[in-house]
Amino acid sequence: MSEGLQKRLETEIEKFQSCQKDLQKYITSRQKLEAQLSENTLVKTELDLIKDDGTVFKMIGPVLVKQELEEAKQNVQKRIDYINGEIKRHEGLIKDVEKKQEAHKESLSKLQHQYQQAQVKAATKA
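Residues numbered from 1 in each chain as written. Predicted model: local features only at pLDDT ≥ 70, side-chain atom pairs only at ≥ 80, totals over all residues. Heavy atoms only, no water.

Q: Quick question: what am I supposed to make of the overall build of the chain here?
A: A tally of regular secondary structure across the chain gives 2 helices and 2 strands. N-terminal to C-terminal, the α/β element order of the chain is α-β-β-α. Computed over the C-alpha atoms, the radius of gyration of the chain is 26 Å, more than 25% above the 14 Å expected from 2.2 N^0.38 for a compact globule of 126 residues. Across its three principal directions, the C-alpha atoms of the chain cover 90 × 25 × 15 Å. (Helix = DSSP H or I, 4+ residues; strand = E, 2+ residues; numbered from the N terminus. Rg over C-alpha atoms; globule rule 2.2 N^0.38 Å.)

Q: Could you clarify how one ought to interpret the side chain of glutamine 101 in this entry?
A: Residue position: glutamine 101 is located in helix α2 (residues 69–125). Non-local contacts of glutamine 101, meaning those with residues more than four positions away in its chain, are made with Phe16, Cys19, Gln20 and Leu23. (Contact = heavy atoms within 4.5 Å.)

Q: It is not clear to me how the nonpolar core should be interpreted in this structure. Could you clarify?
A: Nonpolar side chains in soluble globular proteins tend to be buried together. Counting 10 residues, the largest nonpolar core consists of Leu33, Leu37, Leu47, Val56, Leu69, Ala72, Val76, Ile80, Ile83 and Ile87. Counting residues per element, the ones that place at least two in this core are α1 (2–49) and α2. In terms of residue count, the dominant contributor to this core is α2 (6 residues). Within the second largest apolar cluster, 7 residues are counted, among which are Phe16, Leu111, Tyr115 and Ala118. (Core = buried A, V, L, I, M, F, W, Y, C linked by side-chain atoms within 4.5 Å. Buried < 20%, exposed > 50% of the residue type's maximum accessible area, 1.4 Å probe, protein only.)

Q: Looking at this structure, I do not really get the UniProt feature "coiled-coil region" (unreviewed entry) in the chain. What am I missing?
A: Look at the UniProt record and you will see "coiled-coil region" (unreviewed entry) annotated at residues 66–121. Between the C-alpha atoms that bound residues 66–121 the distance is 80 Å, and the span itself is 95% helix and 4% strand. (UniProt positions renumbered as here; feature names shortened; annotations may be inferred.)

Q: What's the story with the pairing of strand β2 (residues 63–67) in this structure? I'm lost.
A: Within a regular beta strand, the side chains point alternately toward one face of the sheet and then the other, so they alternate between its two faces. Both strand β1 (residues 56–60) and β2 contribute to a ladder of 5 bridges, which runs antiparallel. Counted as the bridge partner of phenylalanine 57 is lysine 66 from β2. With antiparallel pairing between neighbouring strands as the criterion, β1 and β2 make up a hairpin whose turn holds 2 residues, including glycine 61 at a positive phi of roughly 65°. (Pairing = 2+ DSSP bridges.)

Q: What should I look at first to understand a nonpolar patch on the surface in this one?
A: Nonpolar side chains collect at one region of the surface, where Phe57, Met59 and Leu64 lie side by side and expose about 360 Å² of accessible area between them. Since its relative accessible area comes to 59%, methionine 59 is described here as exposed. (Patch = residues over 30% accessible without salt bridge, like charges linked within 9 Å, V, L, I, M, F, W, Y side chains within 5 Å. Areas by Shrake-Rupley, 256 points an atom, 1.4 Å probe, with all protein chains shown as cover. Salt bridge = Lys/Arg side-chain N within 4 Å of Asp/Glu carboxyl O.)

Q: Mind showing me how you'd approach the pattern of salt bridges here?
A: A side chain of one charge can pair with a side chain of the opposite charge when the charged atoms of the two come close. Per the stated rule, a full pass over the model turns up 3 salt bridges. In this structure, the salt-bridge partner of glutamate 34 is arginine 30, at a minimum N-O distance of 3.8 Å. With a gap of 4 residues between them, glutamate 34 and arginine 30 both fall in helix α1, about one helical turn apart. Between glutamate 86 and arginine 89 there is a salt bridge whose closest N-O contact spans 3.0 Å. Within this pair, glutamate 86 and its partner arginine 89 are both found in helix α2, separated by 3 residues, close to a single helical turn. On the basis of relative accessible area, arginine 89 is assigned to the partly exposed category, the value being 44%.

Structural data, given as structure tokens:
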């Protein structure tokens, strides 16, 4: 009985560690997205300061290409909207993984308790 319990315990530990890795991956991705959002918000602020007859250039490879101000504003707003959507998606993923992690933690706790009881019973029989 003790070996089967030990295997279940090891399997549960592996699942818990996998959840921890996934959680860290999603948190890192969300942090990158938040940095991108900050950069794009700053660009939008700068574009809003430009007068309607101002000139905007877009870098394509090593070349600067003239771009319409309104088009540039729309592109930046689309990026901001997309990044906000991705941040919300990652927050949902993080919540899901945290729930799974909590379930694994509870299961681990129960299995550890059962394993310790089995060891105590085995020690008292010996």
